[in-house]
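Residues per chain, in single letters:
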Amino acid sequence: MQENFSLRPYNTFGVEAKARYFTEVNTIDELKEALIFAKNQNLQLLFLGGGSNILLTKDFDGLAIRLNLRGIFEEIINENEVWVTAKAGENWHEFVMYCLQKNYGGLENLSLIPGNVGTSPMQNIGAYGTEIKDIFVSCDVLDLENLELRTFNLEQCRFGYRDSIFKQEGKGRYVILEVTFKLTQKDHHIKTEYGAIQSELENLGIENPTIQDVSKAVINIRQSKLPDPKEIGNAGSFFKNPTIPLAQFEALKQKFENIQGYPNGDGVKVPAGWLIEQCGWKGKQIGNAASHKLQSLVIINATGSATGKEIFDFSTEIINSVKEKFGIELEREVNII
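Residues numbered from 1 in each chain as written. Predicted model: local features only at pLDDT ≥ 70, side-chain atom pairs only at ≥ 80, totals over all residues. Heavy atoms only, no water.

Visitor: Go over the sheet that holds strand β16 (residues 267–269) with me, naming the residues and quoting the values.
Guide: As summarised here, the arrangement of the three strands in space is β14-β16-β15, forming an open sheet in which the pairing is antiparallel. Each end of this open sheet is capped by a strand with a single partner; those strands are β14 (243–244) and β15 (262–264). Sheet topology places β14 next to β16; two bridges connect them, and they run antiparallel. Directly across from I244, in β16, lies its bridge partner V268. (Pairing = 2+ DSSP bridges. Helix = DSSP H or I, 4+ residues; strand = E, 2+ residues; numbered from the N terminus.)

In structure tokens, the structure reads:
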């Protein structure tokens, strides 16, 4: 247990914030010990995984716990299906690469997403036509109210767009310990129709892609337009893509004929990056915070010296700007602490 501990190395924005207490746990027993300590001291809790989806706007007056639970396990279900379980502390991209090396299909479109396995179900991470819910079996969690283990299946997680029970009524009650995914061993479902995957495969001279080829294409695309958090602080996409009613979209199309939209079951999903760019934010910098020059959906710690509050205030300016021009209120995807 360490006191007055800097969390700068544990958030991908690289902002400075201190935790009153900090500990790293490698087992469930160590986690329970830390939780008992926090309860006895009446401390708030902050769980840290890869630190890729949080913005620390101030010092944390509680106990920050870094989950370092590690391990990957496999169960062959039949000649085509395999269930792979990964502990919460496993790096997400390294886990995807592990599965691809085994020729297990289902995760390839989710290559190079930052963070750890344990946080993947929380916001139902997704990219290029695949979401966690598509390959999810279950997750084991620790109930913080009674320190008992529970298992949540697909239905119980109530996955939505960047959403789950763990961001709703279960927020702050459960900590995810491990996640089980159902993957394919041979009859892989290749998804190349989303984003620029098909054109990138053509650039690579690939006509009949394997799951490894799809992963390579996704990695190339992400590296071409998203900044590496190791080089410049960011948390990936800062905002959710908003869904608006069809009538509102049609009205906006009369005024902005180039507006982009993709119908879904709830209305029309409008790319947040397009809205932000139309408001002139792409590459714009205020103080130490900026919108990335290649992807306006990404806010960056431009100088390396930005505070969390600076980045938060910058995001508020973007939200207000988009609402004023389009009448659409963007929602932050990043968790604000």
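Now, onward.
Visitor: How would you summarise the packing of aromatic side chains if you had to cite specific residues and measurements?
Guide: Within this structure, the stated rule accounts for 16 aromatic pairs. Between F166 and Y174, the ring centres sit 6.3 Å apart and the planes meet at 85°, which makes this aromatic pair edge-to-face. With a relative accessible area of 13%, Y174 lands in the buried category. Geometrically, the ring pair formed by F238 and F239 is edge-to-face, given 5.1 Å between the ring centres and 65° between the ring planes. Aromatic ring contacts, followed pair by pair, group F5, Y10 and F22 into a single cluster. We note K269 situated over the ring of Y161; from NZ or CZ to the ring centre the distance is 4.0 Å. One residue, K284, lies across the ring of W281, its end atom 4.4 Å from the ring centre. (Phe/Tyr/Trp six-rings, centres within 6.5 Å; stacked < 30°, edge-to-face > 60°. Buried < 20%, exposed > 50% of the residue type's maximum accessible area, 1.4 Å probe, protein only. Lys NZ or Arg CZ within 6 Å of the ring centre and 35° of its normal.)

Visitor: Let's hear about the nonpolar core: which residues, and what values?
Guide: Formed by 43 residues in total, the largest nonpolar core has its most connected members in L7, F239, I311, I318, F326 and L330. Contributions of two or more residues to this core are made by β2 (18–25), β3 (44–48), β4 (54–55), β5 (60–67), α7 (246–255), α8 (272–278) and α9 (308–326). For this core, the element with the highest residue contribution is α9, accounting for six residues. Excluding anything up to four places from it in sequence, F239 contacts A272, I276, L297, I299, S315, I318, I319, L330, E331, R332 and E333. (Core = buried A, V, L, I, M, F, W, Y, C linked by side-chain atoms within 4.5 Å. Contact = heavy atoms within 4.5 Å.)

Visitor: Break down the pattern of salt bridges for me, citing the residues and quoting the values.
Guide: Using the criterion set out here, one finds 19 salt bridges in the structure. Two residues, E90 and R70, come together in a salt bridge whose shortest N-O distance is 3.4 Å. Note that E90 is positioned in the loop between β7 (81–87) and α2 (92–101) and R70 in the loop between β5 and β6 (72–76), a separation of 20 residues in sequence. Since its relative accessible area comes to 44%, R70 is described here as partly exposed. Here the residues in one salt-bridge network are E131, K133, D134, R162, K191 and E333, joined through shared partners. (Salt bridge = Lys/Arg side-chain N within 4 Å of Asp/Glu carboxyl O.)

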